[in-house]
Each structure stands twice: as C-alpha cells, then as structure tokens.
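# Summary of the model geometry
Take a look at the letters that make up each chain.
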Amino acid sequence: MTDNSPTFSIVMPIYNEERYIREALDSILSQTDLDWEALLVDDGSTDATPGILDAYAKQDARFRVFHKANGGQSTAINKGVNEARGRWICWLSGDDYYHPQKLELNRELIQLFPDCEFFFTECQFVYSDRTNLEFSIPWLDPSDEELRLINLFRTNFVSGISVCVDKVAWLMHGGFDETLRYAHDLDMWMRLLLTLKSHYDSSITCYMRFHSQQESFMFPLGCQFDASKAIIRLINKHPFHELIPFADWSAEGKEYAILDKTLNLVAGIPDGNLLYGLGYHPALQMRLLEWIWNIASDLKVSNDLIMLIRDFSGVLARNEVKSQFSLLWKAIHAAVSLGAPRFKYFEVNPVDVGRVNYFIQASNRTEVTLPLQNYLSKYDSVQLSNSDRPLHKICNFALILPSDLSLDDNECPQINFFLNMCYELIQMGHNILVVGRSNYSFGYIRGLMYVGAVREEEISQLLSSFFGFDVVIALNWGNHSLWNLSIECENVNLSPDATSSSNLEILLKVAGLEGHGTPCVKCENWIKRVFLFLANKSKRKGL
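Since this is a predicted model, take the numbers as computed values, not measurements.

## Let's talk about the environment of Gly468
Its place among the elements puts Gly468 in the loop between α17 (456–463) and β13 (471–475). Between the C-alpha atoms of Gly468 and Arg318, which are 150 residues apart in sequence, the distance is 6.8 Å. Among residues more than four places away in sequence, those in contact with Gly468 are Glu320, Lys330 and Asn396.

Structural data, given as structure tokens:
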C-alpha cells in the first residue's frame, strides 16, 4: 500500500446480476466517505453484467474490473482481496446495497476502537422489491465478545456485506477456503475471531436481498451442511480454551459461567443448529470434557464444573425421545458418572458424520435424505444408495463388544467388523451406542460414539447409568448376569456356540425388530454373522 492508497477496498463478487448490479454500484457512489476503491470481480457472468461493470469503470476510476472464469463466490472474493490497495477490506454482493453512511461509520469505529481489526454491524434483510423482511433471533447476542466465536456455531450472525476487516490480518488468515461452496464466509469469520479483537455495532449499514436466483435460496440445506463441516474442522484444530480467546479467566466464576452458556448452546434447539448441520456428533462436547478434566484451576472450581456437566447431561439423558442427539447425552452422562473418568479429544471426520446422518434420514424417509446424498456425492465423492427399506420400530441399542477387543486399536479387523454391523443397524433406523474396553471413558470412532471401560466393574457401573435403552447386547460376556442393571431390558449374551434358532428369536424379540409382525431379515442376517464371527474367532484361539 502506498500513501495515496484508499482507506477502504470494497470487494464485489458478481455473477449474472444485471437486474440488481446498478443499484449496488450506485450505493457505493452514494457513500458520504469518498475514500474508497471498488474491485468488481466478474465471476464468468453470461448476461449483460460484464458490460455494465465496464461502463461504470469508465465513468469512475475508483471502480476496477476483473473478469475471470466462473469458480464460485469464494474465488472471486479472494481475487479481489489480493488486488486490493486499501487498508480495510469491505464486501458487497452484486444483488445487495449499502447504506450511504456505511463507510463513514466504519471510519468512526476504527478510530474509536484502535485495537480492533474486525468490525461488523447489523444488516437489514429485504425482498426483491426492497420491502423489509422482518427477521429476528431472540436468543442471539452478537455483542457477547467472549462467546462470539462459540455462538457462531449455532448460527452465522455476521453479515458478510457489513464487515470491515484489516487487509493484512485477512491475508494472514489465508483468505476464503475455496473448497467450501456455501460456508466460506462463516469459516473465515471463525478463523479471524480466533485471534482478532472484534467489535459489533447495532447500526444498519447494508441491505441484503432475498430472491429465488440466489445459490443459498436454491440449496439452503447445502449452507447447513457446509457450515457444519467448517465448524467441525475448526474444533478439530483447537482445544476449548482457544475457542474463547478473549475471556478473562481470572474473574471469579468465569469458568462456570462459560461452561453453563456453552452447554446450553450445544444442547438447545438441535434442529437448525449449524453445529449439527451434517448430523449429530460430539465434537464440542468432547472438547468440553477434555477441558474440564484437565483444567489448570483449583480443585473447587474443577469439582464445580464436573458437577455442572454431570447434572446437565443427566437431565438430557433422561429424555425418552429416541434420537442420535438424545443418545449422545446418554453416553456423556454414563461416561462422566464413572468414578475416575478419562477423557481426550478424538478427531471427528465430517464425512463420517454426514454418512451416519444419511443412513438415519434415509431410514426415516425424510426430506433431508436426497439433499444430503447429493452434497456428499458432489463435494466429498461419497456415493450412497437410497434404496427403500421397510420401516421398523426404532430402538436404542447398547452394544457391548467382547472383552478381549480394545476400541483404542481402531485398525483392528474385529473392531471394524462390529462397526460395520452397527452401520447396518443404523441403516434400519436404530440408535447405536458402542460399549467396550478402552483407556478413555468417552470416544468417537468412524462416526460412532462409544463409552469405554478398563475393568468389568466399570461396565456394570456404565450400564447402571443408562437411561432409555431398549436392549443391551453383550457379546461374549459369560458373566453378564452379575451386572447391576437399572434399566428395564433383557440382556442376551451371545456366546461363540450360540447358534440355535430359539436364541435368535429371543434376541429379535428383545430388540423389537419385528417391524410389522414380520421378522427383520437384515437384522437376522446380522446376528447370524455375529454368531459365525465369534465361533470362528474361538476356533482360532483353540477354545
């Protein structure tokens, strides 16, 4: 940047906006602050847009036009930012427009808050005819700086066309991730908020238009899938305390207050929560457990946090709704109820989350099935078939793996065998919690949650903490009858020589898999395969 560089560089990604682009460009010309440049990036438009952009550039040299092949909004914005000469980056889409005092307010905020490098404001949503669209989220509080990043996991409240970001900081954070078609903006705001001081102002500085030609309008679920992927990737890279970068941890009761708010965020309104856009997963909960049990604080604070999450998860664990979300909290409650639980973070693969969710949606024949199938195919090269399946009574399963297998050895062929069996049950609409030997009390493997134990008495302790399970299937546990069960269900121990049809019928009945009075052939085959696997395994051991 030189001394005569403009203060503001307005980056405009534009694709086929001949209907609205003049209004957008005129709103820049109407700015009360004149110290700007506008980088008009034509992303391969096929209508009259390119000619309109060139005409404006001829009339005012502050407009700079760049024509490129179509690559998506993120590629166009990255191009504009790289060409920008100004100190501060702003964004305006070709179908939206600014308030005349947008840049003037940005300048005032920059002067008032010199330690901030990221500013954003309110945005008014309008229909195509510019009539206001009433839109509010009563629980939303963008002014909460401490939890600003965490709150983005629930919904993206940062309007891209309202932002004003230091260019050097923007480039240092790598720009937009061009592999994200829909959530590149959310991903960028989260990465910026990890390290940058930010400021929110409630003034309306811009107007975002809703119309049927918008990509987000044509594939709204794609935005949720993409957002969830971006959030999971971020959580994979950062422990919990890094997601609260500007908290005053020295303040009395700070840890407790932040944990309480975060728990309510991850537990409240699961449908529509961006964190769970691809499906339910325990990424943030695992970060919380990792943080609580390793917190560098005094013993009383640590105990307070443990009691909070134990009580909180206990309330949700008693929820009788049979869903993956409810099962997640049942698993967490069982794990934290152990006498000496052990926690660490297990990386979550967004594709695994999406695949398991697809099985669930397909088995229930929901409207999410096809969009999720298309998304995983197009952006993750995952091919999933959508064949009709008979509807069955949904059950909550606890599957206890043989004691000689360790869930910590996730490359073990036997573990993969049982996980594949779990996938088959999930495809029938059932909810599966894996229980087995592990050095960690709660974990995540190939899209499935598990609770782990080291000793048999811990298995008994875990089972006594379960709520709302229909059946516990214990594989190769000969003395399971000694376990102290507080749940009302029958337990079936599948020993290596269990091959009789009577045992099979009992198991099917206990599991509630009869469907509409007809035995479930797929589950019957599944159980026979378990029998065969255990029998072969015993023969190899010479039993």
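## Topic: the pattern of salt bridges
Scanning all chains against the criterion turns up 20 salt bridges. A salt bridge links Asp43 to Lys68; its shortest N-O distance comes to 2.6 Å. With Asp43 in strand β2 (residues 36–43) and Lys68 in strand β3 (residues 63–68), this residue pair connects regions lying 25 residues apart in the sequence. You can call Lys68 partly exposed: its relative accessible area is 23%. For the salt bridge of Arg87 with Asp166, the shortest nitrogen-to-oxygen distance reads 2.5 Å. Of this pair, Arg87 sits in the loop between α3 (73–83) and β4 (88–91) while Asp166 sits in strand β7 (residues 164–166), placing them 79 residues apart in sequence. By relative accessible area, Arg87 is classed as partly exposed at 40%.

## Thoughts on the nonpolar core
A general feature of soluble globular proteins is that nonpolar side chains tend to end up buried together. Judged by nonpolar contacts, the single largest core of 164 residues is most densely connected at Ile10, Met12, Phe118, Phe153, Trp189, Trp329 and Phe442. Apart from the residues within four sequence positions on either side, Phe118 is in contact with Val158, Val163, Cys164, Val165, Trp189, Leu192, Leu193, Leu196, Lys197, Ser198 and His199.

## Some thoughts on the sheet that holds β2
Strand order in the open sheet made by the eight strands is β3-β2-β1-β4-β7-β6-β8-β5, with mixed pairing throughout. If you trace the sheet from one side to the other, it starts and ends with β3 and β5 (97–98), each paired once. Of the pairings in the sheet, the one linking β2 to β3 comprises six bridges and is parallel in character. Residue Ala38 lies in a different strand from β3, and its bridge partner there is Phe63. In this fold α3 packs onto β1 (8–14), β2, β3 and β4, with an angle of close to 145° to the strand it touches most, β2.

## Things to note about the pairing of strand β10 (residues 431–437)
Counting buried positions over the seven residues of β10 gives six, a clear majority of the element. Note that β10 and strand β12 (residues 448–453) share four bridges and pair parallel. Bridge pairing links Arg437 to Ala453 in β12.

## Side note on the pairing of strand β6 (residues 118–127)
In terms of residue burial, β6 counts as a mostly covered element, since eight of its ten residues are buried. Bridge count between β6 and β7: two bridges; the pairing is antiparallel. Residue pairing across strands places Phe118 opposite Val165, the latter belonging to β7.

## Points about unusual backbone geometry
With phi around 50°, Asn16 is a residue other than glycine that occupies positive phi space. With respect to the secondary-structure elements, Asn16 resides in the loop between β1 and α1 (21–29). Within the chain, Ser381 stands out as a residue other than glycine whose phi angle is a positive 55°. Along the chain, Ser381 falls in the loop between α15 (369–380) and β9 (396–400). Accessibility expressed as a relative area gives 63% for Ser381, which makes it exposed.

## With respect to the confidence of the model for the chain
Caution is warranted with low-pLDDT regions, since their predicted coordinates should not be read in detail. With 80% of its residues at a pLDDT of 70 or more, the chain shows a mean pLDDT of 84. A low-confidence stretch, residues 513–519 (pLDDT under 50), is modelled with 14 contacts involving residues beyond four sequence positions or located in other chains.

## What about the environment of Cys395?
Inspection of the secondary structure puts Cys395 in the loop between α15 and β9. A relative accessible area of 1% means that Cys395 is categorised as buried. Distance in space between the C-alpha atoms of Cys395 and Ser323 is 9.3 Å, their sequence separation being 72 residues.

## Things to note about the packing of α1 against helix α2 (residues 49–59)
It is the contact of α1 with α2, at a shortest axis distance of 10 Å, that shows an interaxial angle of 20°. On the basis of their axis angle, the class for α1 and α2 is roughly parallel. Crossing geometry of α1 relative to α2 is assigned as right-handed. Contacts between α1 and α2 involve Ile21, Arg22, Leu25, Asp26 and Leu29 from the former and Ile52, Leu53 and Tyr56 from the latter. Counted by class, the contact of α1 with α2 contains six nonpolar, no polar and two charged residues.

## A look at the packing of helix α14 (residues 350–363) against helix α16 (residues 413–427)
Each pair of packed helices can be described by the angle between their axes along with the distance between the axes. The contact between α14 and α16 brings their axes to 8 Å, and the two run at 35°. Mapping the contact onto sequence places Val356, Phe359, Ile360 and Ser363 in α14 and Tyr423, Ile426 and Gln427 in α16. Split by residue class, the contact of α14 with α16 holds five nonpolar, two polar and no charged.

## Some details on the packing of aromatic side chains
A complete count under the given rule lists 28 aromatic pairs for this structure. Their ring planes at 40° and their centres at 5.3 Å tell us that Phe120 and Tyr200 sit as a pair that is tilted. Here Phe120, found in strand β6, pairs with Tyr200, found in strand β8 (residues 198–210); they are 80 residues apart in sequence, far enough to count as distant. Assigned by exposure class, Phe120 and Tyr200 land together as buried. Ring centres 5.1 Å apart and planes at 50° place the aromatic pair Tyr375 and Tyr379 in the tilted group. Of this pair, Tyr375 and Tyr379 are both found in helix α15, four residues apart, which corresponds to roughly one turn of the helix. A relative accessible area of 0% places Tyr375 in the buried class. What makes Tyr379 partly exposed here is its relative accessible area of 23%. Joined through ring pairs, the aromatic side chains of Trp91, Phe118, Phe120, Phe157, Trp170, Phe176, Trp189 and Tyr200 make up one cluster. Sitting above the plane of the Phe246 ring, Lys197 keeps its charged end 5.3 Å from the centroid.

## Examining the side chain of Asn357
Inspection of the secondary structure puts Asn357 in helix α14. Judged by relative accessible area, Asn357 falls into the buried class, the value being 10%. Beyond its immediate sequence surroundings of up to four residues, Asn357 is in contact with Leu278, Gly279 and Leu372.

Basis of the calculations
- Residues numbered from 1 in each chain as written.
- Predicted model: local features only at pLDDT ≥ 70, side-chain atom pairs only at ≥ 80, totals over all residues.
- Heavy atoms only, no water.
- Helix = DSSP H or I, 4+ residues; strand = E, 2+ residues; numbered from the N terminus.
- Contact = heavy atoms within 4.5 Å.
- Salt bridge = Lys/Arg side-chain N within 4 Å of Asp/Glu carboxyl O.
- Buried < 20%, exposed > 50% of the residue type's maximum accessible area, 1.4 Å probe, protein only.
- Core = buried A, V, L, I, M, F, W, Y, C linked by side-chain atoms within 4.5 Å.
- Pairing = 2+ DSSP bridges.
- Axes fitted to C-alpha atoms, helices over the stretch in contact; angles between N-to-C directions.
- pLDDT = per-residue confidence, 0-100.
- Parallel < 35°, antiparallel > 145°, perpendicular 65-115°, else oblique.
- Left-handed = near helix turned anticlockwise from the far one by under 90°.
- Nonpolar A, V, L, I, M, F, W, Y, C, P; charged D, E, K, R; others polar.
- Phe/Tyr/Trp six-rings, centres within 6.5 Å; stacked < 30°, edge-to-face > 60°.
- Lys NZ or Arg CZ within 6 Å of the ring centre and 35° of its normal.

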